[in-house]
Structures are given as C-alpha cells and as structure tokens.
Amino acid sequence: MNRVKDKVVIVTGAALGIGKAASLMLAKEGAKIAVTDIRAEESKALIEEIQNSNGEAEYWKLDVGIESEVERVFADIYRKWGKIDVLVNNAGISGINKPTHKITQEEWNAVMTVNVNGVFFCTKHAIPFMLDVGSGSIINISAVYGLVGSTSVPAYHASKGAVRLMSKTDALLYASNNIRVNSVHPGFIMTPMVEEHFGGKEYVEKGRKFLDYLHPLGHMGEPDDIAYGILYLASEESKFVTGAELVIDGGYTAR
Ligand SMILES: NC(=O)c1ccc[n+]([C@@H]2O[C@H](COP(=O)([O-])OP(=O)(O)OC[C@H]3O[C@@H](n4cnc5c(N)ncnc54)[C@H](O)[C@@H]3O)[C@@H](O)[C@H]2O)c1
C-alpha cells in the first residue's frame, strides 16, 4: 500500500486493457488517477470501480492525437489537483495489418497520430507542470515490437520503435530537472487490442495457443504483469532509473 501515495498520475487510454489495470493498481497504491480515454462509458465504469475501493479518480475525455485537447485537459487536471507527478503514455492502436507496399498514407498516418504524435503531445504538455514541481516520471508504453521486427503491422513497429527513442532523448533532455522517462516493452498481453487482432472473441482460444507458444515462459501475459512495471516506474523505488527499457515479455526477446 501507498507506494505512490498522493501522486497525481495521468493515464492515457485508461478505459481498457493495460491502462485500466495500471489505473486500478496505482489507485490502490494511493495515487490520484486522471483517467483519460476516448471511451466515456468504460472510463466511467472504471472510475466507479476505483471509487468503490476508496480510491480517487476522475475522467477526462481525451483523444491523444489532438494537441489542443491534450493541452486543455492537462491544464484542467493541474487546476484540480495542483500538480502532475506521473504521465503514463499508454494509449495506442495496432492499426492496419498489411505488408508495407499495400499500406496507404492515411492508414500509416492513423497509427502515427495516436502512437507517436500522442506521446509527443502528452509529453510536451506534461513537462511544464513537472518542471514546476521539480520532478516527474514519464512512462511510455512501447512494445516488444519496438525492439524486434516481425512480419505483421509495419506501421505499429515503426511507431513503437519511435517511442523507444523518444523516451531515451527525453530522458537525457530532462534528467537535470529530475524528470525521468522510461519505456515499457510488453510481450503479448490478453487485452481487447489482442482480441481484435485475432479477429474477434470467437477466435481468441485458437489465437491464444499460437501466441502462448511465442513466449518461452509458455503463455501470454496479463494486464497486471505490465501494471506492476508501471507502478515501479511511477514510484520512488525507481528514482535512479531513467532512459531504461523495461522489457516484460515472458522471454519473447531473449532468443
Ligand atoms: N496488448 C498487448 O499485447 C500489447 C503488447 C505490447 C504493447 N502494447 C501497448 O500497450 C498499450 C495498451 O494496449 P492494450 O492492449 O491495453 O490496448 P486496448 O486496445 O485494449 O486499450 C487501449 C485503450 O486506448 C484507448 N485509445 C485508443 N485510441 C485512443 C486515442 N486516440 N486517445 C485516447 N485513448 C485512445 C482505447 O479506447 C482503449 O481504452 C498500447 O500502447 C499498446 O500498443 C500492448
């Protein structure tokens, strides 16, 4: 308990999957959670769940790909709680799954808008508040697909590779301001994103067996496996960690 007591944490894409698990865990450990997402209904259900366990959370509708929205929402969060300690850049989409030569510019840009521009906009508008406080932790959710290649989702790979290096550059830029920036690299985690990748719930069992096999530990991960890493990076336990890649992948990239 209380590993992140009274920290103000913004989680993007918080309504489902990894963002939801991280929000619940951070709230349980004493943080105030700004739940931000484009999905209002699921976000409100999450707020209720956090409040029912005596946690503190509020919902802001936010599309991370629209800079003016990010600027307005972050200023609002600051007005409500007086500081911003932690930003979890989690919102992401897998996007189009076609070979590179068949992807249209629009399909490519759709992935970059959320996965790369979103991280840029949110970082840009969180940093001034963190400079104000004199500390901060930015946690960028990349993927194993930001570390190694595969034969699927080329735009997603490019976007997650970008997030990995944005994290390192910002880690160096803001280290002297005591703002830490790290990336997290999950293996396959069972979330709505992966269900969609399988082509719907009815294909989950078959798809799961294949994905289980890709991980040396013998199975896919759960959202909480990643939430524990996010909690560590949000807490003071990681005060000497910046520019790091936290790989949580059941051994996927160890080969
Ligand atoms: N699930 C995996 O196997 C896996 C593996 C590696 C990395 N990741 C990364 O983890 C993060 C979370 O993934 P997930 O599996 O929980 O996905 P998910 O699809 O289950 O949840 C993503 C959330 O982001 C929200 N979102 C989408 N576009 C948005 C936008 N423009 N603005 C704000 N919110 C938006 C969705 O509404 C949803 O609530 C993503 O960045 C993803 O790339 C996931």
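Position numbers for residues start from 1 in each chain and track the written sequence from start to end. Given that the model is predicted, a residue must reach a pLDDT of at least 70 before its local features are reported, and side-chain atom pairs must reach 80 or more before they are shown or counted; all residues, however, enter totals for whole chains, interfaces and linings. Only hydrogens and water are set aside when side-chain values are computed; all heavy atoms of the structure are taken into account.

Quick look at the nonpolar core now. Among buried residues, those of type Ala, Val, Leu, Ile, Met, Phe, Trp, Tyr and Cys that are joined through side-chain atoms within 4.5 Å constitute a nonpolar core. Relative accessibility decides the category of a residue: with a 1.4 Å probe and only protein chains considered, values under 20% of the type maximum give buried, values over 50% give exposed, and everything between is partly exposed. Ranked by size, the top nonpolar core spans 32 residues in total, and within it Val9, Leu26, Ile33, Val35, Val88, Ile139 and Ile230 carry the most contacts. Only β1 (8-12), α1 (17-28), β2 (32-37), α2 (40-52), β3 (56-61), β4 (86-89), β5 (136-141) and α8 (223-234) provide two or more residues apiece to this core. Sequence-distant contacts of valine 88, defined by excluding residues within four places in its chain, comprise Val9, Ile10, Val11, Thr12, Ile139, Ile141 and Ile230. For helices the rule is a DSSP run of H or I covering at least 4 residues; for strands it is a run of E covering at least 2, with both sets numbered from the N terminus onward. Note on definitions: a residue-residue contact is assigned when non-hydrogen atoms from the two residues lie within 4.5 Å.

One heavy atom suffices: a residue is near a molecule or strand as soon as one of its heavy atoms comes within 4 Å of it. Around the ligand sit 29 residues in total, of which Asp37, Asn90, Tyr156, Ile189 and Thr191 are the nearest. Counting of polar contacts relies on pairs of N or O atoms within 3.5 Å, with two restrictions inside protein: one atom must be capable of donating a hydrogen and the other of accepting it, and residues adjacent in sequence are counted only when both atoms are side-chain atoms. The contact in question runs from an oxygen atom of the ligand to an N or O atom on the side chain of aspartate 37, over 2.7 Å. Here an oxygen atom of the ligand sits 2.7 Å away from a polar atom, N or O, in the main chain of isoleucine 189. Protein contacts shield 94% of the accessible area of the ligand, which totals 830 Å² for the unbound molecule. Broken down by secondary-structure element, the contributors of at least two residues to the shell around the ligand are α1, α5 (154-174) and α6 (192-198). If you tally residues by element for the shell around the ligand, the top one is α6, at 3 residues. Methods summary: accessible areas were calculated by the Shrake-Rupley approach with a probe of 1.4 Å, and residue burial reflects only the protein chains presented.

If you walk across this open sheet you meet the 7 strands as β3-β2-β1-β4-β5-β6-β7, and the pairing is parallel. Only two strands of the sheet have a single neighbouring strand rather than two, namely β3 and β7 (245-248). Geometrically, the sheet is characterised by an average inter-axis angle of 20° between neighbouring strands, direction not taken into account. Of the strand pairs in this sheet, β1 and β2 are connected by 5 bridges, and their pairing is parallel. At least two bridges found by DSSP between two strands is the condition for calling them paired. To obtain each axis, a line is fitted to C-alpha atoms, and for helices this fit is confined to the stretch in contact; angles are then taken between N-to-C directions over 0 to 180 degrees.

The next point concerns the pattern of salt bridges. A side-chain nitrogen of Lys or Arg and a carboxyl oxygen of Asp or Glu constitute a salt bridge if their distance falls within 4 Å. Tallied over the entire structure, the rule returns 14 salt bridges. With its nearest N and O atoms 4.0 Å apart, the salt bridge here joins lysine 5 to aspartate 6. Exposure remark for aspartate 6: the relative accessible area of 37% places this residue in the partly exposed category. Taken together, the shared-partner salt bridges in this structure form one network comprising Lys5, Asp6 and Lys32.

Now for the packing of helix α3 (residues 67-81) against helix α4 (residues 105-133). At a minimum axis distance of 8 Å, the contact between α3 and α4 shows a crossing angle of 30°. When the interaxial angle is binned, α3 and α4 end up roughly parallel. In this structure, α3 meets α4 at a crossing whose hand is right-handed. Only Phe121, Cys122, Lys124, His125, Ala126, Phe129 and Asp132 of α4 make contact with α3, whose side of the interface consists of Glu67, Val70, Glu71, Phe74, Ala75 and Tyr78. When residues are sorted by character, Ala, Val, Leu, Ile, Met, Phe, Trp, Tyr, Cys and Pro go into the nonpolar class, Asp, Glu, Lys and Arg into the charged class, and all the rest, Gly among them, into the polar class. When grouped by side-chain class, the residues that make up the contact of α3 with α4 number 8 nonpolar, 1 polar and 4 charged. Throughout, the term roughly parallel applies to angles under 35 degrees, roughly antiparallel to angles over 145, roughly perpendicular to angles from 65 to 115, and oblique to all others. We call a crossing left-handed when the near helix sits turned anticlockwise from the far one by less than a right angle, and right-handed when that turn is clockwise.

Okay, unusual backbone geometry next. Within the chain, asparagine 54 stands out as a residue other than glycine whose phi angle is a positive 65°. For asparagine 54, a relative accessible area of 74% corresponds to the exposed category. Look at asparagine 178: it is not a glycine, yet its phi comes out positive at around 60°. If you trace the backbone, asparagine 178 turns up in the loop between α5 and β6 (179-186).

With that out of the way, let us pick up the domain arrangement of the chain. For the purposes of this description, domain bounds are those given by an automatic or database domain assignment. Once the domains are mapped, the chain shows domain 1 (8-186 + 223-247) and domain 2 (191-220). Just the C-alpha atoms count here: the centres of domain 1 and domain 2 sit 23 Å apart. Taken together, the contact pairs 10 residues of domain 1 with 4 residues of domain 2. When two parts are put together, the accessible area they lose, computed with a 1.4 Å probe and summed over both, is reported as buried area. Both faces combined, the contact of domain 1 with domain 2 buries some 490 Å², and carbon together with sulfur accounts for 72% of it. Of all residues in domain 1, Leu16, Gly17 and Ser94 bury the most surface against domain 2, accounting for 47% of the area lost on that side. Between the two partners, domain 1 and domain 2, sit 0 salt bridges. Seen at the junction of domain 1 and domain 2, the total is 0 residue pairs in polar contact (both at pLDDT 80 or more). A breakdown of the residues in the side of domain 1 that touches domain 2 according to their chemical character gives 6 nonpolar, 4 polar and no charged.

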